[in-house]
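Examination of the molecular architecture
Take a look at the letters that make up each chain.
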Amino acid sequence: MKLNNRVALVTGAGSGIGRAIAVELAQEGAKIGVNDINEKAIDETLRILQDLGASGIALKADIGNVSEVKGMFKKLKETYGTIDILVNNAGIAMPPSWVVYKERSNNAALKAMGEVMETGKMQESMKITSSFEDEWWLITLNVHLNGTFYCTREALKIMEEKRKGKIINLSSVTALHGEPIVPAYSAAKAGIIGFTKAVAQEVIGSGIIVNALAPGYIDTPLLDGMDDRVKQMIIARTPAGRLGNAKEIASLVAYLATDDANYIVGQVISPNGGMVI
Ligand code: NAD
């Protein structure tokens, strides 16, 4: 096992990619701080870790809230004494509870698709950004970009002292090509890439290694807000002809967390089924 006795914190580990990452890291011997905003989801991940005979603790916190993030790191340090691996994974895209956003985005995508099929090109703006609400913009940037910063800041305080650590940030293929129905999400994920590259150079002198993943479309509850026809359109744009699965991302995170990957610094690796090459 390549991560024996290392302590990992995985944010958003109550679902999808985060849960799969927690499992992969645990299978390599790491002890896992299981963060999520959803307590029930944390419990389910902890149950899975327990079945594997792995060690994990519940760290319920909103990563977009500075004091909750500080409290989460305090509890992690009290329990396991340190942090070796931080995976900034928690995120939101088009939560089903954002009914208006979900409808507007799906309708715009379907209308554009119809126009392209009928006339060969889009006939007008998709009008997402011009009617985008402040709340959607601010919450999206807060969870992804501020959350990544808040957690990274706390982790570095410990990692800089011990002169060792790994930080892996979840960006997205939307940061590479821009996804018109999710402008705030695309912007936040692009911000994470800039942050990754800057911090990677800043902290390598202390033996801390920072990288990002920019996955394509992965079959998790994050895509629940998306109309099935829009999903089919995305699959049609993916040379592999399918969505990815969470394990395909998690195994790459686990590799980046090991010493085998120590020469990979400040990179953006995009497992995306060939969608962006
Ligand atoms: P998911 O919805 O299955 O899981 C996300 C988890 O994050 C949920 O358990 C949720 O409760 C938690 N979360 C949300 N806001 C939080 C907050 N403020 N504090 C703490 N936890 C919070 O989504 P997923 O597909 O597993 O996505 C994981 C990461 O991968 C996200 O950053 C996402 O943007 C990114 N990503 C996903 C895809 C995809 O297609 N699924 C593609 C590229 C990147």
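One can find the structure itself at the top, above this paragraph.
Heads up: these notes are all about the structure in this document. Remember, it's a predicted structure, so these values are computed and weren't measured experimentally. (Residues numbered from 1 in each chain as written. Predicted model: local features only at pLDDT ≥ 70, side-chain atom pairs only at ≥ 80, totals over all residues. Heavy atoms only, no water.)

1. Let's talk about the environment of K75
- Mapping K75 onto the fold places it in helix α3 (residues 66-80).
- Assessed through its relative accessible area of 39%, K75 is described here as partly exposed.
- As a C-alpha pair, K75 and I57 span 18 residues in sequence and 9.2 Å in three-dimensional space.
- When sequence neighbours within four positions are dropped, the list of residues in contact with K75 reads I57, A58 and L59. (Helix = DSSP H or I, 4+ residues; strand = E, 2+ residues; numbered from the N terminus. Buried < 20%, exposed > 50% of the residue type's maximum accessible area, 1.4 Å probe, protein only. Contact = heavy atoms within 4.5 Å.)

2. With respect to the site of the ligand
- Around the ligand lies a shell of 30 residues, among which S15, D36, N89, Y185 and T220 are the nearest.
- Take T220: an N or O atom from its side chain is 2.4 Å from an oxygen atom of the ligand.
- Protein chains shield 93% of the accessible area of the ligand, which is 830 Å² for the free molecule.
- Elements represented by at least two residues in the shell around the ligand include exactly α1 (16-27), β2 (31-36), α5 (134-162) and α7 (183-203).
- Looking at the shell around the ligand residue by residue, the classes come out as 15 nonpolar, twelve polar and three charged. (Near = heavy atom within 4 Å. Polar contact = N/O pair within 3.5 Å; in protein donor to acceptor, adjacent residues only side chain to side chain. Areas by Shrake-Rupley, 256 points an atom, 1.4 Å probe, with all protein chains shown as cover. Nonpolar A, V, L, I, M, F, W, Y, C, P; charged D, E, K, R; others polar.)

3. Considerations on the sheet that holds β2
- Pairing in this open sheet of seven strands is parallel, and the strands run β3-β2-β1-β4-β5-β6-β7 from one edge to the other. Single-partner strands in this sheet number two, and they are β3 (56-60) and β7 (268-269).
- Pairing of strand β4 (residues 85-88) with strand β5 (residues 165-170) involves four bridges; the strand directions are parallel. Bridge assignment links V87 to a residue of β5, and that residue is I168.
- Packed on one face of the sheet, α1 meets β1 (7-10), β2, β4 and β5 and runs near 170 degrees to β1.
- Sitting on the sheet, helix α9 (residues 246-257) touches β4, β5, β6 (208-213) and β7, and the angle it makes with β5 is about 155 degrees. (Pairing = 2+ DSSP bridges. Axes fitted to C-alpha atoms, helices over the stretch in contact; angles between N-to-C directions.)

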